[in-house]
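Secondary and tertiary structure notes
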Amino acid sequence: MVQWSRYAIAYSMDTLIPGLYVWLGSLSFRIGGVAPEENYPGTIHGFGGLALVLPGYRIYSTYQGSYDPLLSN
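These lines cover the structure that appears in this document, whether it is placed above or below. Once a new chain begins, its residue numbering starts again from 1 and follows that chain's sequence as written. For a predicted model such as this one, the threshold for reporting local features is a pLDDT of at least 70, and the threshold for listing and counting side-chain atom pairs is 80 or more; totals across whole chains, interfaces and linings nevertheless cover every residue. Only hydrogens and water are set aside; all other atoms, that is, all heavy atoms of the structure, feed into the side-chain values.

1. A short note on the pairing of strand β1 (residues 19-24)
Relative accessibility thresholds used throughout: buried, under 20% of the residue-type maximum; exposed, over 50%; partly exposed, between the two (1.4 Å probe, protein chains only). Here a strand is any run of E in DSSP of at least two residues, a helix any run of H or I of at least four, and the numbering for each starts at the N terminus. Here β1 shows a buried face lined by Gly19, Tyr21 and Trp23 and an unburied face lined by Leu20, Val22 and Leu24. A strand pair is defined by DSSP finding two or more bridges across the two strands. In this structure, β1 lies alongside strand β2 (residues 27-32), joined through six bridges in antiparallel fashion. The partner of Gly19 across the bridge, within β2, is Gly32. Taking the residues that link successive antiparallel strands as the turn, the β1-β2 hairpin has two residues, and the phi of Gly25 there is positive, at about 60°. The pairing of β1 with strand β3 (residues 48-54) spans six bridges and is classified as antiparallel. Paired with Leu20 across the two strands is Leu52, which belongs to β3.

Just distances and angles here, no functional claims.
What follows is the structure in structure tokens.
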């Protein structure tokens, strides 16, 4: 379940879907966003972070890593 929520957060941030996203270890919280596409490979590699995506393609995030599933920070 944790892995799926990280995929959903990564997808929503990557596609700039408005919402509030918080993750810390095995906990994650999302207001807004959407479920990831079935074949979306990206994920979040960081232990914890916070992101706010606003309409108009504005994103404020503590996450600076890649969404690539093969890389880690």
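Picking up after the structure, the text goes on.
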